[in-house]
Amino acid sequence: MKFRIFASVMLSIIGFMPCQLHSQTFTEITTSIQALAGSSDWGDMDSDGDLDLLTSGATVPGPMNAHLNLYTNLGNGQFAFLVSLNLTGICNSNARWLDYNNDGILDIFASGLYYDTTWQQYLPTTRLYKCKGNKTFELTDNIFLDQSQAATDWGDFNNDGKPDIAISGYTEMFPNYHGKVYENMGDTLVESANFRINTLINGTLKWGDYDGDQDLDLVQTGWYYDFGTSQDVYGTYIYRNDVDSLTLLKGPDIMGITYGSAEWGDYDKDGDLDLLVSGSIGNGSSSTGFFGIYRNDGIDNFNRVAGDGLSVRVYGKSKWGDFDNDGDLDVLISGRSQNGPNGFTELYKNTNGEFSLFTTLCNVQATTLDFVDYDKDGDLDVFLMGSANYTVQTKLFKNTANKSNQKPDPPTGLKAEVYKNQVRLYWNPSNDDHTVSKSLSYNLAIGSLAGNADFMEPNSNLTTGYHKLVRPGNTSLDTCWNLNFTYTGKYFWKVQAIDDCFAGSAFSATGSFVVGSPYVFTEPASGITYYDADLNGKVNPFNLSTNVFFEYGTDSIHLTTTDAEIYQGDSMFNVKRHIQNLVHDTVYYYRIKAINEADTVSGLFVSFRTATDGIYENLREIFVYPNPCTGIIRLNLTGLPEGNIFIYDQSGRKRMELSSKELLNSKYIDISNFESGIYILECICNAYSFQCKIEKL
């Protein structure tokens with residue numbers, strides 16, 4: 001069965017008309033790139049500022065004709081083949097660039113059939129090659145299920161900053177079809193116990209956040225043989241990422257295809273990912289072609305809106321890209337005709353969501369095709385590998401249009417919210433000369449030191465912003481992103497915008513945040529006499545051993561420190577320290593302070609006055625009523641300087657924030673949507689604060 005499938009794939013792409021160039025805006029470039037039927041991927045492997053080429057596949061059916069090749073971009077329209085690499089040739093293959101260890105250097109993930117000289121037959125294999133620098137690679141000891149005819153893609157599905165891998169293909173193990181998701185643990189990748197996908201071959205896998213909830217979803221196409229019904233089954237499946245699992249959507253009526261592709265992209269510029277689907281329905285001579293564009297209408301709903309007017313190609317591959325730099329996604333498609341042997345590679349122009357044939361590039365049926373700006377002139381060129389006139393061919397077309405593309409503006413307005421080990425990062429949308437703001441994707445770089453990205457690698461040059469891959473950014477179209485951290489400490493981050501030509505902006509200014517910071521706030525003093533007082537505060541250590549103490553004095557500079565006490569756990573603790581030997585009728589300032597392995601944090605200063613003539617006074621009094629309340633609370637802010645009011649729950653999470661000026665206008669605070677329980681209200685004015693408990697019934 002293994003050889004039968006291999007042969008059928010190869011024969012389906014051989015026997016077409018000679019390649020003929022029809023376009024006036026694309027010029028074919030002669031290169032020394034070996035002609036293969038297989039896969040291709042572009043990436044700046046040597047970090048020299050231009051895109052290099054990774055190819056895999058076969059020249060013709062038969063032993064010893066499998067290849068895994070790497071070409072460096074010489075910058076003059078030519079490419080140099082790298083010899084003496086420790087890369088095993090594969091066919092019926094898929095090879096992809098990725099930086100699996102976040103070291104800023106692209107590695108290789110590859111699957112396919114290799115020729116075993118001992119057994120003298122093709123066997124499936126799946127391999128991860130680590131780039132050691134200086135254009136050299138070594139095979140890692142990661143263990144994967146060996147597959148061929150496989151779809152692969154990588155993306156950080158669990159939001160821990162490391163690229164994970166999805167793969168689905170054919171194996172030697174019954175029932176011969178397997179889909180796997182491998183979770184990246186740092187140096188190793190292990191099969192995920194919770195994230196599962198269907199078992200399809202000769203299809204596509206693509207990660208993307210179609211529902212805008214700050215995690216990556218997945219689309220899968222392909223086919224498998226159902227041994228129970230003795231029938232071939234074809235599918236196009238969308239999986240929604242529900243944090244701890246992938247949920248297969250039941251609603252979208254999307255045509256099941258194989259030997260094709262599925263690509264995410266915002267063709268209608270409304271800020272969400274639509275879907276481009278093309279390929280075959282069926283196998284062999286009885287197969288029919290299909291092409292469709294499915295608009296994302298929200299709430300897991302995709303509707304076919306285009307495709308009937310476009311050429312339907314058997315074994316059709318397609319890609320999104322803005323080749324004419326007019327700010328919307330056009331379509332590159334290749335396959336063979338429905339009722340004949342001829343192959344076609346065509347460009348369709350997007351005009352306000354309507355697609356029309358722009359040009360036929362050549363009569364090649366491509367097994368792989370790419371939009372790529374290989375010459376860095378600001379527009380998308382076209383690369384493809386496939387077959388025509390009974391020969392395997394490779395084609396590179398230079399886009400000679402004069403309308404170039406400028407990089408987007410760097411994002412601004414960086415903001416980080418941290419809760420325990422979870423972080424949400426925000427930034428403002430960028431602008432671009434062509435791509436609308438809603439359709440820009442974004443690329444996060446996060447590191448333990450300023451200037452590196454060892455937590456989350458953007459696959460871009462951190463200094464220039466040059467994007468090293470031909471793919472959208474790692475957060476899709478989102479302008480905020482959720483992340484989960486295993487290690488505490490201070491992190492530095494920045495973000496860039498990616499447009500529809502896959503050009504990266506300069507990175508934003510660098511922001512920072514701390515994971516594992518204890519939460520503290522200072523409460524009003526109690527037990528105040530002429531010479532004594534109790535200092536009060538609260539702390540949540542968030543499961544880290546935390547030293548907690550108070551600082552106090554007659555000003556906020558010359559301070560005395562109380563003895564420290566260690567707190568642990570994940571709840572709000574009341575902290576109280578009795579101090580004595582104070583001076584009567586004197587104002588004192590104090591604050592709570594906490595130190596753990598991640599951070600040192602201090603509460604705001606609160607003041608009190610020691611007793612005079614038997615009267616105990618606070619520096620300020622604020623009245624909160626009614627308390628308890630059912631939803632509406634009012635504050636007497638008479639004489640309060642301009643400041644801010646915050647409400648926190650008992651875990652320390654901020655639930656509301658408003659200014660005293662806003663409160664004076666509205667006269668009340670509405671917490672009717674809060675759950676019943678105890679909350680902390682804090683008023684902050686200048687360097688001082690007042691806090692009290694409020695109870696929501």
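None of these values were measured; they are calculated from a predicted model. (Residues numbered from 1 in each chain as written. Predicted model: local features only at pLDDT ≥ 70, side-chain atom pairs only at ≥ 80, totals over all residues. Heavy atoms only, no water.)

1. Side note on the overall build of the protein
To keep things clear, this is the line we draw: Secondary structure elements follow DSSP: runs of H or I of four or more residues count as helices, runs of E of two or more count as strands, with numbering from the N terminus. With a 1.4 Å probe rolled over the protein chains alone, any residue whose accessible area is under 20% of its type maximum counts as buried; one over 50% counts as exposed, and the rest are partly exposed. In this description, contact between two residues means that some pair of their heavy atoms is separated by no more than 4.5 Å. All accessibility values rest on the Shrake-Rupley procedure with a 1.4 Å probe; residue burial counts only the protein chains present in the view. None of His or the chain ends enter the tally, which takes Lys and Arg as positive and Asp and Glu as negative. Lysine's charge is taken at NZ, arginine's at CZ, aspartate's at CG and glutamate's at CD.
What the protein contains, in helices and strands, is 2 helices and 51 strands. Along the longest, intermediate and shortest principal axes, the C-alpha atoms of the protein span 105 × 55 × 55 Å. The proportion of buried residues among the 697 residues of the protein is 59%. Long-range pairs, those at least 24 residues apart, make up 58% of the contacts in the protein between residues at least 6 apart in sequence. For the protein, the exposed area adds up to about 27,800 Å²; of that, 48% sits on carbon and sulfur atoms. A gap of 1 Å separates the mean positions of the 49 positive and 85 negative side-chain charges of the protein.

2. A look at the environment of D326
Counted only if it meets this: By the criterion applied in these results, polar contacts are pairs of N or O atoms within 3.5 Å in which, for protein atoms, one can donate a hydrogen and the other can accept it, and in which residues neighboring in sequence qualify only through two side-chain atoms.
Assignment of secondary structure puts D326 in the loop between β22 (314–321) and β23 (330–336). Each C-alpha atom of the pair D326 and Y531 lies 76 Å from the other, and the pair is 205 residues apart in sequence. Residues in contact with D326, not counting those within four places in the same chain, are K349, N350, K403 and H434. In this structure the side chain of D326 is engaged in a polar contact, spanning 3.0 Å, whose partner is the side chain of K349.

3. Considerations on the sheet that holds strand β8 (residues 121–133)
Short version of the rule: At least two bridges found by DSSP between two strands is the condition for calling them paired. To define axes, lines are fitted to C-alpha atoms, for helices over the stretch in contact only, and angles between the resulting N-to-C directions are given on a 0 to 180 degree scale.
Here we have 4 strands laid out as an open sheet, ordered β6-β7-β8-β9, and antiparallel in their pairing. Whereas interior strands pair on both sides, the edge strands pair on one side only; in this sheet they are β6 (91–98) and β9 (136–139). Neighbour-to-neighbour, the strand axes of the sheet open up by a mean angle of 35 degrees, direction not taken into account. Of the strand pairs in this sheet, β8 and β9 are connected by 4 bridges, and their pairing is antiparallel. Looking across to β9, one finds that Y129 is bridged to L139.

4. With respect to the pairing of strand β25 (residues 354–362)
Note: strand β24 (residues 343–351) against β25, 7 bridges, orientation antiparallel. Residue pairing in the sheet places L347 in a bridge with T359 of β25. What sits between the antiparallel neighbours β24 and β25 is a turn of 2 residues, in which N352 has the positive phi angle 55 degrees.

5. A word on the sheet that holds strand β20 (residues 288–296)
With antiparallel pairing, 4 strands are arranged side by side in an open sheet as β18-β19-β20-β21. Here the strands that pair on one side only, and so sit at the sheet edges, are β18 (258–265) and β21 (302–306). Along the sheet, successive strands turn relative to each other by an average axial angle of 25 degrees, direction set aside.

6. Some points on the environment of V423
With respect to the element layout, V423 can be found in strand β30 (residues 422–426). When the C-alpha positions of V423 and V514 are compared, they lie 9.2 Å apart, and in sequence the two are 91 residues distant. Among all residues touching V423, those that are not within four sequence positions of it are E417, V418, W481, N482, L483, F485, F513 and V515.

7. Points about the packing of aromatic side chains
As a reminder, the rule being used: Each pair of aromatic rings taken from Phe, Tyr and Trp, with Trp reduced to its six-membered ring, is defined by centres within 6.5 Å and is described as stacked if the planes are under 30 degrees apart, edge-to-face if over 60, and tilted in the remaining cases.
If you walk through the whole model with that rule in mind, you get 40 aromatic pairs. Geometrically, the ring pair formed by Y530 and Y531 is tilted, given 6.0 Å between the ring centres and 35 degrees between the ring planes. On the basis of relative accessibility, which here comes to 31%, the residue Y530 falls in the partly exposed class. According to the relative accessible area criterion, Y531 is partly exposed, its value standing at 45%. With a centroid separation of 6.3 Å and 55 degrees between ring planes, the pair formed by F550 and Y590 is classed as tilted.

8. Some words on the pattern of salt bridges
Condition: By salt bridge we mean one thing: a side-chain nitrogen of Lys or Arg within 4 Å of a carboxyl oxygen of Asp or Glu.
Summed over all chains, the structure comprises 24 salt bridges. Where E191 meets R196, a salt bridge forms, and the shortest distance between an N and an O atom there is 2.8 Å. On the basis of relative accessibility, which here comes to 36%, the residue E191 falls in the partly exposed class. Take R196: its relative accessible area is 48%, and that puts it in the partly exposed class.

9. Here we look at the confidence of the model for the protein
Any residue range with low pLDDT should be treated as having predicted coordinates unsuitable for detailed reading. Put simply, the test is: By definition, pLDDT measures how confident the predictor is in each residue, and it falls between 0 and 100.
Averaged over all residues, the pLDDT of the protein is 89; the fraction at 70 or higher stands at 91%. Summarising per-element confidence for the protein, the mean pLDDT is lowest in helix α1 (residues 2–12) (35) and highest in strand β31 (residues 441–447) (98). Note on residues 1–24: pLDDT is under 50 here. Beyond four places in sequence and across chains, it has 78 contacts. Below pLDDT 50 for its whole length, residues 614–620 participates in 12 contacts with residues either more than four positions away or in separate chains.

10. Overview of the side chain of D379
Note on placement: D379 falls in the loop between β26 (365–372) and β27 (381–388). An unpaired buried charge is present at D379: no salt bridge exists, and K398, the closest side chain of opposite charge, is 5.8 Å distant. Each residue touching D379, except ones within four places of it in the same chain, is listed here: N325, D373, N399, A401 and K403.

11. Comments concerning the nonpolar core
Basically, it comes down to this: Among buried residues, the Ala, Val, Leu, Ile, Met, Phe, Trp, Tyr and Cys ones that are joined through side-chain atoms within 4.5 Å form a nonpolar core.
Counting 32 residues, the largest nonpolar core has L425, L444, I446, L483, F485 and F513 as its most contacted members. When residues of this core are assigned to their parent elements, the largest contribution, 4 residues, is made by strand β33 (residues 489–498). Excluding anything up to four places from it in sequence, L425 contacts K415, A416, L444, I446, T479, C480, W481, L483, W493 and F513. Core analysis: the second largest hydrophobic core is formed by 31 residues, L82, L128, F137 and W154 among them.

12. Details of unusual backbone geometry
Note that the residue after N627, namely P628, is joined by a cis bond; omega there is 10 degrees. In this fold, P628 is placed in the loop between β45 (623–625) and β46 (632–636). One non-glycine residue, Q149, adopts positive backbone phi at about 50 degrees. Within the secondary structure layout, Q149 lies in strand β10 (residues 148–155).

13. Here we look at the side chain of K468
By secondary structure assignment, the location of K468 is in the loop between β31 and β32 (480–484). Comment: no salt bridge for buried K468; closest opposite-charge side chain is E457, at 5.3 Å. A polar contact of 3.2 Å, which involves the side chain of K468, links it to the side chain of S47. Among all residues touching K468, those that are not within four sequence positions of it are W42, G43, D44, S47, L51, G104, L106, N459, S460 and N461.

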